[in-house]
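Close look at the chain arrangement
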Amino acid sequence: MGRKLPQFFFALSMLALVLIAAAVWQASTPSWKNYQRAFFQLEAQGEPNAVTKAAVLATPPQIHQILLPGLQRVDRCTTCHLGVDDPTMKNAPEPFRYHAGLGPHIPSKFGCTICHGGQGLATDVKDAHGNVPFWPNPLLSSDYIRASCGRCHKEGDVPGVPELTEGRRLFETEGCHGCHKLNGVGGSIGPDLTDEGASHRSPDWLERHFLAPNVVSAGSAMPNFHFTREQARALTYYMLSLTNADMGSYYSSMRLIPSPEYGRQLFVEKDCIVCHAIGGTGAKVGPDLLGVTKRHSMEWLDEQLVNPQLVYPGSSMPEYDLEANVRTALVAFMASATQEDAQEILAHRSNKLTPEDVAIEAGKRDFARFGCAGCHGTELQGGVPNPNAQGGQVPSLLHVSDDYTKDEIIQIIRDGKVPPLDNAAGPTPPLYMPSWKHLLSDEDIHQIVDFLWSMQQKAKDSW
Ligand code: HEC
Ligand code: HEC
Ligand code: HEC
Ligand code: HEC
Ligand code: HEC
Ligand code: HEC
């Protein structure tokens, strides 16, 4: 017993020390309560009535939280960010400032973290902003916040965020699918990117990696595409938007923002001009569409696009199976379309295609869509380094007709091919020709081969 007493006092004094340290630490980091008191003072300042003023100042502090079952999160950011939906706070200092520009994304329905990142449940600045170990999604810096728009708006353009459109385009044309899976489609040489935006990669890492994959991931098999800084940023935006999170139906109802610009693009893609004129320019199979939104109600037009047969039995207009926002976009375009639009659309139309041209076009699209370009280059030039493969790189496809018959090439695409080793004792080359028979139909493969052969011709012509 006598021996234990000093030990007991020692433990007690250590405990006291810890308590003092905690008190000092707490006093130096203002809690959410202090922010609320400061906010009440700010509100009370402009209050002429003394009674109301006293009432504002006497408001008991409390945690504010927004429950978002549809987004599977709870955000307490408004515990400190108290003026976000109060326009009179537009000149207030942070964290009290009014949030301009939210449009329909009001705090009570969207919270904050879906766009900003951060740790929704935390009530301490550092924790909430997510700048702490083991929290994977710190606040996105203002350079990248708009990448989050693509978490919900996945198709078409997002107004004010051209980076997302450009990033998606690059992904589809540069052949990223050749090595990466996205939503189940693509190769397996690089990591699956379906959830890339929810993972541990910072925007800065992604951008540097796009500029020089090899420098960031030593020995990476990912080619250096020599992207410009803008392109690397656009791809980073696109990557950050890929979260694959389960969202409630309300949030996913706007995958496509039905803008007139997108409607125009659809009008071009669906080739509506082959049957319709606008203001006299175009074809006369169907009615002229100038002013069509004045002749018919929105509901009627929507119904007409869902099922032309129902509106006009025996109609020659095809059923397109268009989703609701696509129809809204088309109607939005028709509401403002003019004869000049029709002239422009006709001028850019590549008509008079032969069936062979159509097959080659389709092959070219598949070559890009399935990511062949990622290894063989958008111009078929090859050249992606492949250490210890014969030749040391992925071969060019511009001269395959010199070495192979069409049937042999069809075989290679169908079954894949492991490149012969340069040095039999050396390591396996990182890149091989995958087998495509599970992804591409025989027709797809024939079209790709037609495309490859059309490029052979070109290479010889320019020789
Ligand atoms: C404990 C109070 C508190 C909480 C909780 C809080 N913030 Fe903040 N926030 C602040 C303060 C104070 C500032 C201004 C100065 C600073 O950045 O520290 C700020 C600034 C910001 C900024 C401006 C950019 C910046 O980094 O300066 C953003 C964006 C932001 N907060 C988002 C959020 C989000 C999203 C949440 C919820 C996950 C959140 N905040 C939760 C106190 C808070
Ligand atoms: C729909 C997406 C979206 C939602 C939801 C959203 N914000 Fe924002 N927020 C933005 C965008 C975009 C900006 C502008 C960034 C810029 O232009 O610098 C911004 C700016 C801010 C800023 C100023 C940042 C700076 O660097 O000056 C703060 C603070 C902020 N938001 C806090 C919040 C809080 C708190 C919430 C939740 C109540 C919230 N935001 C909800 C998209 C959103
Ligand atoms: C959590 C999903 C989500 C995120 C993130 C999101 N939106 Fe939206 N957005 C919606 C939904 C849902 C609507 C429809 C809202 C409604 O009408 O109630 C919408 C509507 C819109 C509209 C329709 C036009 C309008 O103003 O009525 C535009 C434009 C838009 N969002 C742009 C953006 C931009 C820009 C961002 C990024 C700063 C963004 N959205 C982030 C879900 C989202
Ligand atoms: C020839 C195959 C190949 C092609 C084509 C390719 N990648 Fe990669 N990629 C890889 C490999 C292998 C890795 C893993 C090593 C590394 O980090 O570089 C990788 C890594 C990545 C990562 C980092 C993933 C993570 O979190 O670790 C991203 C993001 C990425 N690639 C995006 C792209 C995009 C976008 C394209 C198209 C522009 C592309 N890749 C084209 C092979 C490829
Ligand atoms: C992951 C990288 C990668 C992707 C993606 C890829 N290839 Fe290949 N491909 C290769 C490699 C490596 C070889 C060389 C094999 C060898 O040396 O025997 C090759 C060989 C070929 C050959 C034979 C060329 C020759 O000279 O031996 C053809 C044709 C071909 N690929 C077409 C395609 C098509 C079409 C696609 C898309 C459907 C595609 N490749 C996708 C890596 C790839
Ligand atoms: C093969 C020819 C054909 C194509 C392609 C076609 N339409 Fe039509 N469309 C018609 C015909 C014919 C009518 C007249 C009524 C009927 O028979 O359905 C019509 C009627 C309409 C109407 C109602 C006009 C009115 O004043 O009553 C609209 C709106 C319309 N089409 C829009 C479109 C859009 C948008 C596209 C492209 C997505 C398109 N159409 C593609 C043949 C076509």
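In this report, the structure presented in the accompanying data block is examined. The structure displayed is predicted, hence computed values, not measured ones. Residue numbers restart at each chain and count upward from 1, following the sequence in its written direction. Lettering of chains starts at A and numbering of ligands starts at 1, both following the order in which they are written. Totals for whole chains, interfaces and linings use every residue, but because this is a predicted model, local features are given only for residues with pLDDT of at least 70 and side-chain atom pairs only at 80 or more, for both listing and counting. Excluding hydrogens and water, the side-chain figures rest on all heavy atoms present in the structure.

**Brief notes about the site of ligand 2**
Test applied: When we say a residue is near a molecule or strand, we mean one of its heavy atoms is within 4 Å of it. Between N or O atoms, a polar contact is any pair within 3.5 Å; within protein, one atom must be a potential hydrogen donor and the other a potential acceptor, and residues adjacent in sequence are included only when both atoms are from side chains. The way it works is that DSSP assigns letters per residue, a run of H or I at least four long becomes a helix, a run of E at least two long becomes a strand, and they are numbered from the N terminus.
Near ligand 2 there are 16 residues, and of these E94, H99, C112, C115 and H116 occur at the shortest range. One of the side-chain N or O atoms of H99 is found 2.8 Å from a nitrogen atom in ligand 2. Between a nitrogen atom of ligand 2 and a side-chain N or O atom of H116, the distance comes to 2.7 Å. At the level of secondary structure, the elements contributing two or more residues to the shell around ligand 2 comprise α4 (107-110) and α5 (113-116).

**Examining the packing of aromatic side chains**
What counts here: Any Phe, Tyr or Trp ring, taking Trp's six-membered ring, that has another such ring centre within 6.5 Å forms a pair; planes under 30 degrees apart are called stacked, those over 60 apart edge-to-face, and the others tilted. Between buried and exposed lies partly exposed: a residue is buried under 20% and exposed over 50% of the maximum accessible area for its type, with that area taken using a 1.4 Å probe on protein chains only. For a ring to carry a charge above it, either NZ of a lysine or CZ of an arginine must fall within 6 Å of the ring centroid while also lying within 35 degrees of the normal to the ring plane.
The tally for this structure, following the rule as stated, stands at eleven aromatic pairs. For the ring pair F267 and F333, a centre distance of 5.2 Å and an interplane angle of 55° mean the geometry is tilted. In this pair, F267 sits in helix α13 (residues 260-269) while F333 sits in helix α17 (residues 324-336), placing the two residues 66 residues apart along the sequence. You can call F267 buried: its relative accessible area is 2%. In this structure an aromatic cluster arises from ring pairing among F110, Y250 and Y251. One Lys or Arg, R201, reaches over the ring of W205 and ends 3.8 Å from the middle of that ring.

**Re the coordination of the iron atom of ligand 2**
Inclusion rule: Coordinating donors are taken to be N, O and S atoms lying within 2.8 Å of the metal, or within 3.2 Å when the metal is Na, K or Ca; because water is excluded from the atom set, some sites may appear incomplete. Each label reflects the angles at the metal, where four donors whose angles all fall between 85 and 135 degrees are tetrahedral, four or six donors whose opposite pairs open beyond 155 degrees and whose other angles stay between 65 and 115 are square planar or octahedral respectively, and the rest are irregular.
The coordination sphere of the iron atom of ligand 2 contains the protein donors H99 (NE2) and H116 (NE2), at a distance range of 1.9 to 2.0 Å. Angles of 86 to 179° at the metal separate the six donor atoms of the iron atom of ligand 2, which places the site in the octahedral class. In this pair, H99 is assigned in the loop between β2 (73-75) and α4 and H116 in helix α5, connecting sequence segments 17 residues apart.

**Thoughts on the coordination of the iron atom of ligand 4**
Distances from the iron atom of ligand 4 to its protein donors, H180 (NE2) and M222 (SD), fall within 2.0 to 2.1 Å. If you look at the iron atom of ligand 4, its six donor atoms make angles of 87 to 178° with each other, and the shape they trace is octahedral. Residue H180 is found in the loop between α8 (162-173) and α9 (203-211), and its partner M222 is found in the loop between α10 (213-216) and α11 (229-240); the two are separated by 42 residues along the sequence.

**Examining the packing of α13 against α17**
Going by this rule: Note on geometry: axes are C-alpha line fits, over the in-contact stretch for helices, and angles between N-to-C directions span 0 to 180 degrees. By the definition adopted for this analysis, an angle is roughly parallel if under 35 degrees, roughly antiparallel if over 145, roughly perpendicular if from 65 to 115, and oblique otherwise. Residues are treated as being in contact if the distance between any of their heavy atoms lies within 4.5 Å. Each residue gets one of three labels, nonpolar for Ala, Val, Leu, Ile, Met, Phe, Trp, Tyr, Cys and Pro, charged for Asp, Glu, Lys and Arg, and polar for the others, Gly among them.
Two elements in contact, α13 and α17, have axes separated by 7 Å at closest approach and are oriented at 95°. By the angle between their axes, α13 is roughly perpendicular relative to α17. In this structure, α13 uses P260, Y262, G263, R264, L266 and F267 to contact α17, whose residues at the interface are V326, A329, L330, A332, F333 and S336. Its residues assigned to classes, the contact of α13 with α17 comprises nine nonpolar, two polar and one charged.

**Some remarks on the nonpolar core**
Among soluble globular proteins, nonpolar side chains are generally buried collectively. What counts here: Think of a nonpolar core as a cluster: buried Ala, Val, Leu, Ile, Met, Phe, Trp, Tyr and Cys residues, connected wherever their side-chain atoms sit within 4.5 Å.
The biggest cluster of nonpolar side chains holds 23 residues, and the ones touching the most others in it are F171, F210, Y237, Y238, M239 and L240. For this core, the elements supplying multiple residues, two or more each, are α8, α9 and α11. The element best represented in this core is α11, accounting for six residues. Residues contacting L240, with those up to four places away along its chain left out, are L140, Y144, A147, R151, G197, P203 and L206. Ranked by size, the runner-up nonpolar core spans 22 residues in total, among them I278, L301, A329 and A342.

**Overview of the site of ligand 1**
Neighbouring ligand 1 are 18 residues, the closest being C77, C80, H81, T123 and H129. A distance of 2.8 Å separates a nitrogen atom of ligand 1 from a polar side-chain atom of H81. Counting only elements with at least two residues in the shell around ligand 1, the list comes to α5 and α6 (125-128). Considering only residue class, the shell around ligand 1 consists of nine nonpolar, seven polar and two charged.

**What to know about the packing of α13 against helix α18 (residues 339-347)**
What counts is decided by this rule: Helix crossings fall into two classes, left-handed where the near helix is turned counterclockwise from the far one by less than a right angle and right-handed where it is turned clockwise.
Running from N to C, α13 and α18 point in directions that differ by 50°, and their axes come no closer than 11 Å. Judged by the angle between their axes, α13 and α18 are oblique. Seen along the crossing, α13 lies across α18 with a hand that is right-handed. Two secondary-structure elements touch here, α13 through R264, F267 and V268 and α18 through D341, E344 and I345. Of the residues in the contact of α13 with α18, the class split is three nonpolar, no polar and three charged.

**As for the environment of K181**
Summarising the element assignment, K181 is placed in the loop between α8 and α9. Each residue touching K181, except ones within four places of it in the same chain, is listed here: G186, G187, S188, P191, D192, L193 and T194. A polar contact is formed between the side chain of K181 and the side chain of S188, at a distance of 3.3 Å.

**Concerning the pattern of salt bridges**
Test applied: Note on definitions: salt bridges are taken to be side-chain nitrogens of Lys or Arg within 4 Å of carboxyl oxygens of Asp or Glu.
Tallying each qualifying case throughout the model produces 14 salt bridges. As a salt-bridge pair, D366 and R369 come within 3.2 Å of each other at their nearest N and O atoms. With D366 and R369 both in helix α19 (residues 355-369) and three residues apart, the pair spans about one turn of that helix. The closest approach of N and O atoms between R414 and D442, which form a salt bridge, is 3.3 Å. Within this pair, whereas R414 is found in helix α22 (residues 406-415), its partner D442 is found in helix α23 (residues 442-461), the two being separated by 28 residues in sequence. For D442, a relative accessible area of 44% corresponds to the partly exposed category.

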